[in-house]
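Reading the structure
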Amino acid sequence: GAVVSQHPSWVICKSGTSVKIECRSLDFQATTMFWYRQFPKQSLMLMATSNEGSKATYEQGVEKDKFLINHASLTLSTLTVTSAHPEDSSFYICSARGVSTTDTQYFGPGTRLTVL
Amino acid sequence: KQEVTQIPAALSVPEGENLVLNCSFTDSAIYNLQWFRQDPGKGLTSLLLIQSSQREQTSGRLNASLDKSSGRSTLYIAASQPGDSATYLCASGAGSYQLTFGKGTKLSVIP
């Protein structure tokens, strides 16, 4: 149990376009979802925390107008990278935590974004 | 601000050897400490979670310890296998369930 999926698994886009990444909890209700970014050979950096039905809380240095997060249901959160640029190329990973999963966060398989 | 450091950055061992991965954190006021495994280009798999009140957790050939006062955690892998080859990440957990990750230790187990 406690599976988290992400879609797409990889995406290539042109500079200036917007890309939407979906994160779904398949078999539990995720009251909280987290979005991380991982550059090559670097650690995962938390971008934002989202609770269902409320606005996301962004970490310092993360532009909320550029990285739009929506957590409209207990099983789905989306991250939209608006006007993507090559420096946004990274590995984006979501995680989800539900009431029934206590302290454990379950991670999605990640989305590789390449902006040309 | 919490900082998590993992040493070594990379480790190569022959199959069957026991090994220890190290993790240190600067702020001892943690909620929990977790160890994850990440395969190349993949997401994270949770291995062990140690609550702040616990000293260690075991799962199969894995044993993780936590010493909050010294800001250290170790992951012990017994009888290593080639399938253990991956990057191992430790992360400290805050009360808000946010995790602060180290950069990881890339483990290679040579057959």
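As a starting point, this report considers the structure included with it.

Description of the state of the cysteines
- Evaluated as defined, the whole model comprises two disulfides over all chains.
- Covalent S-S linkage joins A:C23 and A:C94, the inter-sulfur distance amounting to 2.0 Å. Given an S-S torsion of about 80 degrees, the disulfide between A:C23 and A:C94 has right-handed geometry. Residue A:C23 is located in strand β3 (residues 19-25), and its partner A:C94 is located in strand β9 (residues 90-97); the two are separated by 71 residues in the primary sequence.
- Of the residues examined, A:C23 reaches a relative accessible area of 0% and is grouped as buried.
- A relative accessible area of 0% means that A:C94 is categorised as buried.
- Covalent S-S linkage joins B:C23 and B:C90, the inter-sulfur distance amounting to 1.9 Å. Handedness here is read from the sign of the S-S torsion; for B:C23 and B:C90, about 70 degrees, the answer is right-handed. With B:C23 in strand β3 (residues 19-25) and B:C90 in strand β9 (residues 86-93), the pair connects residues that are 67 residues apart, well separated along the chain.
- The exposure class assigned to B:C23 is buried, which follows from its relative accessible area of 2%.

Here we look at the environment of A:S5
All names here are of chain A.
- Considering the arrangement of structural elements, one finds S5 in strand β1 (residues 4-7).
- On the basis of relative accessibility, which here comes to 23%, the residue S5 falls in the partly exposed class.
- Separated by 21 residues in sequence, S5 and L26 place their C-alpha atoms 7.1 Å apart.

Details of a nonpolar patch on the surface
- A cluster of nonpolar residues, A:W10, A:I12 and A:L116, forms a patch on the protein surface that exposes about 390 Å² of accessible area.
- Looking at the element boundaries, A:L116 is found in the segment after β11 (111-115).

Comments concerning the nonpolar core
- Residues A:W35, A:F67, A:L79, A:Y92 and A:L113 are the most contacted members of the largest nonpolar core, which totals 25 residues.
- Sorting the residues of this core by element identifies β2 (10-13), β3, β4 (32-38), β5 (45-51), β7 (67-73), β8 (76-81), β9 and β11 of chain A as the ones contributing at least two each.
- Those residues in contact with A:L113, other than ones at most four positions away along the chain, are A:V11, A:C13, A:V19, A:V81, A:D88, A:S89, A:S90 and A:Y92.
- Core analysis: the next-biggest nonpolar cluster, separate from the first, contains 21 residues, B:V4, B:I50, B:L62 and B:I77 among them.

Topic: the pattern of salt bridges
- Applying the stated criterion across every chain, the model contains four salt bridges over all chains.
- With its nearest N and O atoms 3.5 Å apart, the salt bridge here joins A:R24 to A:E22.
- For A:E22, a relative accessible area of 23% corresponds to the partly exposed category.
- Across the salt bridge formed by B:D84 and B:R61, the nearest N and O atoms sit 2.9 Å from each other. Of this pair, B:D84 sits in the loop between β8 (72-77) and β9 while B:R61 sits in the loop between β6 (56-59) and β7 (62-67), and the two are 23 residues apart along the sequence.

Considering the interface of chain B and chain A
- Opposite the 19 residues of chain B that make contact, chain A presents 20 residues.
- Contact with chain A buries surface across chain B, with B:Y97, B:Q98 and B:F101 losing the most and accounting together for 35% of the total.
- For the pair chain B and chain A, the number of links is zero salt bridges.
- In this structure, the connection of chain B to chain A is made through four residue pairs in polar contact (both at pLDDT 80 or more).
- Those elements that place two or more of their residues in the side of chain B that touches chain A are β4 (32-38), β5 (44-51) and β10 (99-101) of chain B.
- Per element, the largest residue contribution to the side of chain B that touches chain A is four residues, and it comes from β4(B).
- For the side of chain B that touches chain A, the residue count by class is eight nonpolar, nine polar and two charged.

Rules used in this analysis
Residues numbered from 1 in each chain as written. Chains lettered and ligands numbered in written order. Predicted model: local features only at pLDDT ≥ 70, side-chain atom pairs only at ≥ 80, totals over all residues. Heavy atoms only, no water. Disulfide = S-S within 2.5 Å. Helix = DSSP H or I, 4+ residues; strand = E, 2+ residues; numbered from the N terminus. Buried < 20%, exposed > 50% of the residue type's maximum accessible area, 1.4 Å probe, protein only. Patch = residues over 30% accessible without salt bridge, like charges linked within 9 Å, V, L, I, M, F, W, Y side chains within 5 Å. Areas by Shrake-Rupley, 256 points an atom, 1.4 Å probe, with all protein chains shown as cover. Salt bridge = Lys/Arg side-chain N within 4 Å of Asp/Glu carboxyl O. Core = buried A, V, L, I, M, F, W, Y, C linked by side-chain atoms within 4.5 Å. Contact = heavy atoms within 4.5 Å. Buried area = accessible area lost by both parts, 1.4 Å probe. Polar contact = N/O pair within 3.5 Å; in protein donor to acceptor, adjacent residues only side chain to side chain. Nonpolar A, V, L, I, M, F, W, Y, C, P; charged D, E, K, R; others polar.

Any link to function would need more than the numbers given here.
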